[in-house]
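Geometric and topological summary
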Amino acid sequence: MSHVEDELTSQPECWTRVAADAADHGRALPAPGERVAIVGCGTSYFMAQSAAALREGAGQGETDAFAASEFPHGRSYDRVVALTRSGTTTEVLELLGRLKGTTRTTAVTADPATPVMSAADDVVVLDYADERSVVQTRFATTALTLLRAHFGLHTDAVVADARTALSEPLPDGLVDCTQFTFLGRGWSVGLANEAGLKMREASLSWTEAYPAMEYRHGPISVTTRSTATWSLDEAPEGLAEQVRGTGASWIQGRLDPLAELVRAQRLAVAVAASRGLDPDQPRHLTRSVILAPDPA
């Protein structure tokens, strides 16, 4: 079993633990009414997208999500939350350093022995969700579950759905597809983006992700009989029939969207195995992007 496969199967336990501990981290996390930005890189950025949509949708305050490198320094926020598994990512550390003393910052990380511990004003350490694989699975979803629980949006049903996602077989024929498209709505758009990233990282697949209503606005034109189109959330009326009309496979998510992401993680590992790839060591990637300082 690969590290990523072992790690993704532990997600129900990680989610249960972080939800139980969420109240202990309340002071480090955004308070209702604060204007908040959530930032990250790669997988963490997509979790930030989902968390921002959840918080704002829950009426807890204006919440934006940005890639750490694209943070708009001309805007004012009460708190910036950085999601960073490694605690060493250059863009995140540079952003936290620039905000020091002007904006309250919180880092959610997996490794307490990294520079982020002193770079942020507040830190939440989820060391039990750390990973050996380069490909992120359980840390990302556990960090999102922490925020979801903090917003009052986590339930035991989500964990039950995750167990179902791990135990049921994947839909027939998916491993043989050559193109994968993931769709989301609202907070699950970030999850769709992350599902696409997992497929690209682990299995080198041609993968795309879109807000579900946007799929008709161009992307469906490349859909063929070898395409799998997976809706992680409720699909717009008529879209399933339109996709099936192209000859593509349509997969309608029926679990909580975060549990549907677990199914997509499993698919990425399965496709990697079918192609003889090591999902723990994706091509050209490392656990953390650490950039050399500018010699100037």
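Our subject is the structure that appears above.
This one's a predicted model, so the numbers in the text were calculated from it and none came from an experiment.

Before going further, it helps to examine the pattern of salt bridges. Applying the stated criterion to the full structure yields 13 salt bridges. With a shortest N-O distance of 3.7 Å, K100 and D121 are connected by a salt bridge. Of this pair, K100 sits in the loop between helix 4 (90-99) and strand 4 (104-109) while D121 sits in the loop between helix 5 (116-119) and strand 5 (122-125), and the two are 21 residues apart along the sequence. When the shortest N-O distance is used, the salt bridge between E201 and K198 registers 3.2 Å. Separated by three residues within a single helix, E201 and K198 lie in helix 8 (residues 188-203), roughly one turn from each other. For K198, a relative accessible area of 1% corresponds to the buried category. Taken together, the shared-partner salt bridges in this structure form one network comprising E34, R79, R104 and D122.

Here the focus is the sheet that holds strand 4. Strand order across the open sheet formed by five strands is 2-1-3-4-5, with parallel pairing between neighbours. Of all the strands in the sheet, just strand 2 (63-67) and strand 5 have a single pairing partner and so form its edges. Within the sheet, the average angular offset between the axes of one strand and its neighbour, ignoring direction, is 20°. Strand direction decides the pairing type here: strand 3 (residues 79-84) and strand 4, joined by six bridges, are parallel. The residue of strand 4 that forms the bridge with V81 is T106. Sheet strands in contact with helix 4 are strand 1 (36-40), strand 3 and strand 4, and its direction is about 160° off that of strand 3. In the packing of helix 6 (residues 138-150) onto the sheet, contacts are made with strand 3, strand 4 and strand 5, and the angle to strand 4 comes to roughly 135°.

Further remarks concern the packing of aromatic side chains. Aromatic ring pairs: the centre-centre distance and the angle between the two ring planes describe each pair. All told, the structure shown has six aromatic pairs when counted by the stated rule. Considering the side-chain rings of F66 and Y77, the 6.4 Å spacing of their centres and the 70° angle between planes classify their relative orientation as edge-to-face. Residue F66 is found in strand 2, and its partner Y77 is found in the loop between strand 2 and strand 3; the two are separated by eleven residues along the sequence. Take F66: its relative accessible area is 13%, and that puts it in the buried class.

In terms of burial, strand 2 is largely enclosed, as four of its five residues are buried. In this structure, strand 1 lies alongside strand 2, joined through five bridges in parallel fashion. Opposite A37, over in strand 2, you have D64 as the bridge partner. Taking the sense of rotation as the criterion, the β-α-β connection linking strand 1, helix 3 (residues 43-57) and strand 2 turns out right-handed.

The rules we used
- Residues numbered from 1 in each chain as written.
- Predicted model: local features only at pLDDT ≥ 70, side-chain atom pairs only at ≥ 80, totals over all residues.
- Heavy atoms only, no water.
- Salt bridge = Lys/Arg side-chain N within 4 Å of Asp/Glu carboxyl O.
- Helix = DSSP H or I, 4+ residues; strand = E, 2+ residues; numbered from the N terminus.
- Buried < 20%, exposed > 50% of the residue type's maximum accessible area, 1.4 Å probe, protein only.
- Pairing = 2+ DSSP bridges.
- Axes fitted to C-alpha atoms, helices over the stretch in contact; angles between N-to-C directions.
- Contact = heavy atoms within 4.5 Å.
- Phe/Tyr/Trp six-rings, centres within 6.5 Å; stacked < 30°, edge-to-face > 60°.
- Right-handed = clockwise from strand over helix to strand, strands pointing away.

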